Structures are given as structure tokens and as C-alpha cells.
Amino acid sequence: MRQYQSEYIENVREAAALADFGAELDEGFEEWYSQRLAALKRIGELKRRNTQLLNECLFPCLDALHGAKEYELKELSEFAESLLDWKTNLDPGVYTAIHDAMLSLYRVRGDRDAVVRELYKLGMGMYYMDRYVAGLKEDKSAPFRFQNEMVFTEAASYLRCYEEMENEETRGYIVRSTANVALCVRDHKRKIAASSRALKIIHDEKYVSLAPSLPWSRFEQAAHRQMSANRISLSRGDLSDEELAEVLDSCHEVFKSEQASANPGARWLWPYYDMEYSCGYVSRECTLERLEKLISDTPADQYDMNGMYGNVHLVLIYGEILRRHEELRGDLKRLRFLNAANRRLYRTLLNYPADRIDDGLRHDIANVLNNYNETGCEISFKQLALGLTQRYGGELYIRGRLKGEMSKRLCETLLKRDGTFFDDIPFIAALTGENKTRALLNFALECGIFCDIGLVKMGMEEIRTRGLFETEHRMYLLHPVAGSEVLRRNDSTLLYADTALGHESCYDGSEPTVSGYERNASCYRQMTDAVALASFIVERLSQCGGDFGEVLRQIYAAEGTRFSPLIVSALSDQNLLNDLRQLLSADRRPYYKEVYNALRQGEEEGR
Amino acid sequence: MADYDHMSKDELVAEIERLHARLDEANAANVAKEVFLSNMSHDIRTPMNAILGMAALAQKHIDEKTRVADALGKIQTAGRHLLELINDVLDMSRINSGKLRLVSERFALGDLIHDISIIIKPQMTQKGHNWSFKAENIQAEALLGDALRLRQIYVNIISNAIKYTSAGGDIRISLSEELEGELCRLNFSCVDNGIGMSPEFLTRVFEPFERAQHSGTSGIEGTGVGMSIVKKLVEALGGEIGVASEQGKGTRVDISIPLSYEHLELDLAPLKGKRLLIIENDEETRSAYQLYLGEYDLDYSLVRSAAEALSELTLAEFENKKYDLAVIGESIQNSQNPLDIAEYLQKSRPQLPLMLVSSADWEKTEYQAQRSGIRSFVPLPIFRKSLINALSGVLKSVDGGQNASDNPDLTGKGILLVEDNFINREIAMEILASTNAAVECAENGKQALEMFAASEPKHYDIILMDIQMPVMDGYTAASSIRALDRNDAAAVPIYAMTANTFQEDIDKALAAGMNGHIAKPIDINALMQVLRRVAGA
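Residues numbered from 1 in each chain as written. Chains lettered and ligands numbered in written order. Predicted model: local features only at pLDDT ≥ 70, side-chain atom pairs only at ≥ 80, totals over all residues.

**Topic: the sheet that holds strand E9 (residues 299-303) of chain B**
Residue and element names in this part refer to chain B.
- Here we have five strands laid out as an open sheet, ordered E9-E8-E10-E11-E12, and parallel in their pairing. Two strands lie at the open edges of the sheet, namely E9 and strand E12 (374-379), each paired on one side alone. Between one strand axis and the next, the sheet turns by 20 degrees as a mean value, whatever way the strands run.
- As defined by bridge partners, strand E10 (residues 325-328) adjoins strand E11 (residues 354-358) across three bridges and the pair is classed as parallel. What sits directly across from Val327, in E11, is Met355.
- Contacts from helix H9 (residues 306-318) reach strand E8 (275-279), E9 and E10, with the element oriented near 160 degrees to E8.
- Sheet strands in contact with helix H10 (residues 338-348) are E8, E10, E11 and E12, and its direction is about 175 degrees off that of E11. (Pairing = 2+ DSSP bridges. Helix = DSSP H or I, 4+ residues; strand = E, 2+ residues; numbered from the N terminus. Axes fitted to C-alpha atoms, helices over the stretch in contact; angles between N-to-C directions. Contact = placed C-beta atoms within 7 Å.)

Have a look at this one:
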């Protein structure tokens, strides 16, 4: 591996470790705080350095790929592999960029084996990138998934030339790509069809005999697991007999192989139980008891894949069953179990060992933010979301806290000018005097804190060691949608959803607005406008540097287009400007202290 | 005045009956006019309320630009509706006074149908109607007649179907023809499963100021003169109209209008020996392709999904029988978005020209479609000759000039290639040589700037600019060229050629005045695509 490649990888690792706010809490606040500040500075340096490494070493290399020697291509490939190892997945973006360039090269060269290989690898890179937008509404995430599907489909289309493609490795990529099409489609029938197609190929002696060295039994196991995931569609009642049989068969195969192992994991036992429930073989009560047992049998400090499945994933499923069945909402026994399981879920996530943080955890966090059921639980979704942001998106929380404080000041000024300015918000209109002011300012603070929760859910805050690629940037623009979807799911955060959705939108509805936010239809629009302004100031200064005066000039220039003229007009108040200036330059120690205290408390509760 | 004194008894009885009938007619007319006035006052008041209410709301929120804009938008909608009402009434009066003028002009039936589709589609979509607009094996595509009035007739009938069919209902529109010598009888039919009409109302359907339901109670807007206008326009065009309806079951309207037509010449030459790949899942559209393309014995494959298309393309490339053109339809299996498919095909096979066949409004789709690599557009429903000529047009532009290859002919065009890497320069030069363009090279940004500054005006038609170069980088060179005090400095297209795909780099290239970027390593087809655009310009 080239020196720049090793350095890049080390830098990414270092930045990931530095970003963890949960590290070194035992050293006391002052020590921890100074480490945080040093980490923030160091991450900035690493970002600059890695961007420089890509600009000066990788991109020129991709520029001149046509003239690259074979050993250089091999080095590039190795570099890419170390960025996407299916576990830590340090940088799917650069992995994808390298394989995209290599695919172009081999297309021009007409090297079909290499084209198939690069299509498969590009598809895997895109799949991991698409996880940023996983769980988003269909119309938002579909374009990304579709391009991913096409890449695997193109590789799979070489099946028609399987015999002619003599390289066995290439044949393996064709088979795996066929199966991977199922990863990119959401429609359950298409998923079943894709997995079914893969299984047919895997079971076809014609294909197997042409590539005897391939790990066919592993392919089969993986395909069955993929097919068994379709059990969630069993209860829909729209599957044909053949489809039903295939899903059930795969669930059985997965269960059979797990039973044979000494320590069957919850991860593979649950699909079978779930299938039995979905088919009506066992009652809901029995299923809930099975779930309770699987969850209870998982040790609280088990952080491997099976442990996280029992401590996190199954708890979410349990909560989802209670959410779906209204009659269970009064079942105190079940609610007590959910409450306890949610507490453990929270502790598990908050106390996750720093040295184990990997792509799986990011996936779990997204899953929790998307599916947590707070009904009747001590830990509200608001508390959970706040805790996860503080631990895994620490700097995001600090910036959110600042946005909140600035929004508070803006709202205070606007309320003084016009006591009814925020009266479109029903709970504000219902209050008067001090109570009204207090409630409004608290709301403004929390709107600022939660406006970027979408970035925590998408895991995009992780891309901190370089600039964003074009596709990543398009995904990043969806974080308001991701945030609002997450906040809308639970009562404790519903109030902040509109602001999260609209805080990056243009006041006049022009591009680049976030589709779905209708400013005039939202009773929170004035608050959203205020948070949008505060967010712009904070982000602009933290990302691009510069001074407050320059940012103010940009705001005035965008008055009536990007920003609401009503909010901008508040900036004519000299006292407000002084307040904002002071907030920006002030020590952020109190915000860090809040995070420290929260994480310490979580740590102590976990002991 | 009749001479009643000299009339016989029978004559008097007949006269009295005649007078009674006239009186009944007059009374009926009065009643209808009263109903009309009552309807009109409601129909005029409704948008007027909206206008006044919204104006008041705008005044109340005068400082809030988006609220004001929203109110103005609603005022505009209400104003347009009011204008429609007035136009209907004026049309009626013009027809009644014999002042209607018809024009005879050449028009393409496909364009007319597409225009109508665009007008009605939003209303259909809003109400969630299942609808189709089929044209059955039309031969006469170039017609002579009053296209504006035809559109008015068809839109009126379809709008009625939309109005009187509840959400989720079915509306089937079809068009067929009967050729009679130099005349073409255009048969239009619109069938819905809406509320229908009673036998009693059906007899009065063409009377002015009549409506199946009162707008005040049904919420269905209209003056009640639409059908009357339609009938008079159809008659003025020498046609016939028939309405069949059953209350609660639906309505069928048939209109037949004779029109002159012209024979369209077909340009089949560019299609000879070419392979076409068509992605379409809708059965009727597929049948139309089979009929039209089969008639001329063209070599085509019809697939239903993007996956099938990719499979076909891969196999064809493997067997060295590449496709020359891909047609992406509107209805693709698994509801795949045609432009997403185009985007992938453009990236993976930039040499494959793409055509879009869709009922979408091209004006609204054009920008995105062209970015996705779409070269040509054919509106739905497809017509034989329009389709064939559009296919020929694309293939002709691909083959254009003396070049038999896919490469554009840039004879007489000047290209400035700025590239510091020797191998990349060699590769680019080799690619560009096939276009017949006059290519000059610069090894860094400074040299490029000097060469451009020293050149005659409009000497270069495009600049292909590497980004990372010694002495002066591509960004600086591009912005320096743009800053030169000469007319062509602002206009010459400058494309970055770079592997840097960070969003901030793309933004930087655009900020430096570049028009776009071509990814590296240099992909012949991607480069050709940009050059084709230059050739087209």
C-alpha cells in the first residue's frame, strides 16, 4: 500500500476514535473537556490533511488511470478494500469512487471479467452508502437504491454469458450480484423473486459444475438468510403459494443450521419464531413470551452481533408489536417488560465500548431512532434521542445547543416586538405573560437542539475526515426529512418535527428547498424561520470560518429568499446582535458540561 | 300578426296550440335563464369570495412574503376560473349571433392529443382516476382544421367526465379514424363510470344553462353552457355528437368530425440495419410498437423492465450485435422511473442514444431528461409516423455528416485541450481526432490562458480543462479566461476534466465559470456526449 493510503486510513481511524464523546469520562470534567477541545482541533487537521491526500495523491492517480501499471491498480484495489471491510467500513465513499473509476477504465478496455468484478464491488460500495438514506420514505431514497440495483442487475445480466465467462471468480461475482439485487429493492414480492432467482441458480448443477471452487454452501446459506428476512411480509396475505413456500423453507433452513450450532443466536432463532407467528402457528402471546425470553437471555453487556440483536433489535420488535396492537397498550405486564427492555436498550447504546464502535452500531442507532416505542416508558424518545446525540454526535449536539440559544434570543426579541408573533403555535397562544415567554424560549432551545437529529440517524456526521462526494451531498440534503420522520414517530418529539423538516428550506420555497415542507401550512413556521437563521449562522461559521459580519451580509443578501424578512428584521436590534456575537465567541464549556454529566450519569446507571 | 278573424275553427285551434307551445318554450327559456342567473351568481360569487378573502388575508400578512405569495397564487387561480366563466358565456353569445370564425391550419394530431393530455392529467391525477387515452392505428397524422376548437371540444368533454366521475373512477378516452378519400373522419369517444344522467336530463343535455347537478349543492362548478357550446362547435365543424348515459352508471360521448389530411413522408433510411431496444410494459403501447415497427420490418426488441434491458444490452455486446438506440417508455415494470433508467444507461453506455416516450409535459421534463441523457422525446399516445421519424431523426443525428461512427462531426470546430499528463493528452488527442475538430493543446492553465487570449475571436468552440496542473490550475485558468475583455470569453464552453468529485470541487468548478465536468479516467463516450452537445449548438 502507498504511504498516502496508509496515512489516510490511519487518519480516518483516529478521527473516528476522537469523535467519541464517551471516551475518557473517568478523568474528570476538566481533563475530558480539554481533550474534547484538542480532539475537535485535531479532527479539523485530519480533515484538511485527508482532503489534501485525496486531492494530491488519489485523484491524480484516478485522473491518470489509463496509464496506470497493473501493480498500481492492485494497490488501489487494496486501498479500497481496507476502506470497506464489512465491519468498520471506514469510508464507503472513497471505496465507491475508486471502483467507479476502475469500472470506467475496464469498460474502455473491454475487459469483461474486470467489468463484472468492478460492478459487484461498486454495488457493494453503493449499498453501504445507501444505508445513509435507509428507512427514509420511498420517494426520497428510491433513486439511490435504484442506481445500486442497476449496478448489481448489470453484473447479474452476465448470467446469460455464464458459460463464456471462463473465470470462476467472475462467475462467483455474477451469482452474488444476482442475490444482491434483493438488497436494493423494497417491494417484498420483488425481494422474494430476487432471492428465489439466486437460490435457483445456486441449486442448479449447470452453474455449480462450471465453478466448483466457489463456496456454494456459503452462498446458499446467505441466500436463505436473505429470503428468510421476507417473513415480515407473510402477514400481508398477498403472497402466492410458491412465494409462501419459499420464505417458509428458507426460515426453516436458517433455523436448522442454527440449531446445529452449540449456541444458537437470537439473530437466527427469531426469524423462525417470527415466521411461526406470522403464519398463525403460534399465538401472539406465545410469540411475545418467546421474545421476552430471547431478550432476557441476552446478557446486558454482550456487544457482539447477537448481543446487540437481543438487547436492541428484538426490543424494538417487541415495542412495535405493542404499538401495532391497541389492545396491548393496557397490558401492564407487557408494558413493564417493554419499559425494562427499553431501559436496557438505552444503557447498552450509551455504554457501548468505544473500541468496538463499527458500522453495525451505526445501523443499530438508525434502527432505534426509527423504531423506538416510548409508550408507557420511563425513557421517552426525547431523552433517548438526546442521549444518542450526545454520545455519538457530540459536536452536533454542541452546535445544536448553540443554535438553540441563538434561536432563543431571536424569539425573545421578536416576542417583545409583537406579543402575538408566535400565536399560530397553539400551545404558545394558549399561554400568557411569563409562562408564554418561558415556554416559547424553551421550545426554541429544543428546536435548535433537535433540528439536525437526521444526521445522527443517517450516520452522516461520521464523514468528518474529508469533503462530501456529489452523491453523499445529495444524501446529506435529505437530513431534514430523516430528522422530521424520526421526530414525528413519538409524542415526546412530535413538536420539533416541522422545524427539523423546514430548517434548511428557503423561505420563498425556491431551491434548494426540502420537498415536503409547506411553510404556510405549518403553524411552527415562524419558529422554523428563526431556527433556520440560527442554524445558518452556526454552520457557516463552523464550516467555512469567516466572521459574523460576513455571515450577516450573506443573510441580508438572502432576505426574503432564503430567510424570512420578519426574522431578519429582528437583526436590526443592536442588543440582539450583541447577544448573538457574544454567544458565538463565548466558551462552550457549559454545553460540554451538560454532555459530560449526561454521559456520566448513563455510565453510572449502567454499572 | 295572424289574421284571427278569417281563420277557421281548426286553424284557430292549431294556432292556439302553437301559441301555447311558444309560451311554454318562452317560459322554459325564462326558467333556464333564471336558473342560469342563479348559477352564475353563485359561480361568480365563489371565485369573487376567494379573491376578496385572499386579498384581505394578504393585506393582513403584508410583511410575510410567502403568505402574500400564497394568497396571490390563489387569487390568480380564482381569477382564471372567473375568466373561464366569462369566456364560456361570451362563446355562447358569439355562436348564437353567428359570429364564430373557424380557421383551417395544418396541425399534428399527436401534438394536439399530447396538449390535451397535459391539460387533463393534473385533474385526473388529483382525483385519482384510472384513465387511458388511446389512439387506434391512426394513419392521418397531419391534419388540416381548427385545432384550437378541436381542443376546446375534447377538453370540455373530458373535463365533464372528470367533474362527474367520483375519485378513483374510470375514464377511457379513445381516438380512431375512418379514411374517406381525401377526408379523414376523426372519431373521439370518452367513456366514464361517473354519476351519469337521467333519461329526462339527457334530452336537455345540449340546452344552454343546464347542468346535471346544481353547483350550489353538488360543489361541481360550471356555467352549464359547455355542452351547448360543444354541440354548436361540432356542428360548425361539420361533425356529429352523440351522448349515451345511465344514471349511476356513467356516460359515453362520441364525436365524429371530418377533416382534411396530408400524407406524411416517412424517413426510413437511417433505420436500415439498426437495432432498437424498447423498454415498455403497457400492453397497448407494446402492441402499437409491434404494429408500427413490424410494418416496416425494423429490427427491435421489446422488454418490460430495466433489468431485462440491461440483460439484452449485455448479451448484445457480448455477441457483438450492439443496439443503436434505446427507447424508454412511460410504463416500466416495477414502476421504475424512466429518467432513473436513462441516468444509469447514460452512465454505463454513453454511446447508446436514448429516446423518451411519455405523456409528461416535455417543457417541464426537458431539463432533467436531457441531464439524464435523453436525446429525443415522443409524446404518448404514439403515432406511427411521428415515432418512425423521431427514431430516424435521432439515428441521423448520431450518424450525422461524413462520420459513420457514433462520434460527432466537429469539422470546422476548434478545441483547446488543457492537460499536463502526457498519456491523458495522447488518449484525448486520439479520441478527438475522430471528430475532425482542430485540436490544440496546452500543458497548463497559464499556457491555455495565453493561447485563448492570443486567438482570433470564436477560434475555440470548447475548452477541455484539467484541474490539477503545474504553474496554473484549471480553476484559475477558467476564471481568468472568463475575466478576459472579449466577447467570446464569457460564452466559450469550458468543461473540467477531473476525477475530483467532491461536491465542493464541482461547486468550485462552476464558481470558476466552467459549464460542467467530465469524470476521469477519460471515458470516450462521456467525452463524446459533451462534444455532441457542442456540435448541436
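**Overview of the nonpolar core**
- Ranked by internal contacts, the top residues of the largest apolar core, which has 260 residues, are Ala155(A), Leu314(A), Ile279(B), Ala326(B) and Met355(B).
- Formed by 37 residues, the second largest nonpolar core is a distinct cluster that contains Ile415(B), Leu417(B), Ile462(B) and Leu531(B). (Core = buried A, V, L, I, M, F, W, Y, C linked by C-beta atoms within 7 Å. Buried ≥ 20, exposed ≤ 12 C-beta atoms within 10 Å, placed from the backbone.)

**Notes on the interface of chain B and chain A**
- Tallying the contact residues gives 37 residues for chain B and 39 residues for chain A.
- For the side of chain B that touches chain A, the elements supplying multiple residues, two or more each, are helix H2 (65-96), H9, H10, helix H13 (422-433) and helix H17 (503-511) of chain B.
- In terms of residues, the side of chain B that touches chain A owes the most to one element, H9(B), which gives seven residues.
- Residues that form the side of chain B that touches chain A fall into these classes: 15 nonpolar, 13 polar and nine charged. (Nonpolar A, V, L, I, M, F, W, Y, C, P; charged D, E, K, R; others polar.)

**A word on the domain arrangement of chain A**
All names here are of chain A.
- For chain A, the assigned domains are domain 1 (283-379) and domain 2 (393-606).
- Placing a centre on the C-alpha atoms of domain 1 and another on those of domain 2 gives a separation of 31 Å.
- At the junction of the two partners, domain 1 supplies 10 residues and domain 2 supplies 11 residues.
- Elements with a contribution of two residues or more to the side of domain 1 that touches domain 2: helix H15 (332-350) and helix H16 (359-371).
- Classifying every residue of the side of domain 1 that touches domain 2 by side-chain character gives five nonpolar, two polar and three charged. (Domains from an automatic or database assignment.)

**A word on the packing of helix H18 (residues 394-417) of chain A against helix H28 (residues 574-585) of chain A**
Residue and element names in this part refer to chain A.
- At a minimum axis distance of 10 Å, the contact between H18 and H28 shows a crossing angle of 170 degrees. Taken together, the axes of H18 and H28 lie roughly antiparallel to each other. Of the residues in H28, those in contact with Leu402, Glu405, Met406, Arg409 and Thr413 of H18 are Leu576, Asp579, Leu580 and Leu583.
- Residues of the contact of H18 with H28, tallied by class, amount to five nonpolar, one polar and three charged. (Parallel < 35°, antiparallel > 145°, perpendicular 65-115°, else oblique.)

**Some details on the domain arrangement of chain B**
All names here are of chain B.
- By domain assignment, chain B separates into domain 1 (4-96), domain 2 (105-262), domain 3 (269-399) and domain 4 (414-536).
- Here the C-alpha centre of domain 3 lies 31 Å away from the C-alpha centre of domain 2.
- With 14 residues of domain 2 in contact, the opposing surface of domain 3 contributes nine residues.
- When residues of the side of domain 2 that touches domain 3 are traced back to their parent elements, those giving at least two are helix H3 (109-127) and strand E2 (130-135).

**Notes on the pairing of strand E17 (residues 516-519) of chain B**
Residues and elements named next belong to chain B.
- Side-chain alternation along E17 places His517 and Ala519 on a buried face and Gly516 and Ile518 on a face that remains uncovered.
- For strand E16 (residues 494-498) and E17, the ladder comprises four bridges, and the chain directions are parallel. From the neighbouring strand, Ala496 faces E17, where its bridge partner is His517.

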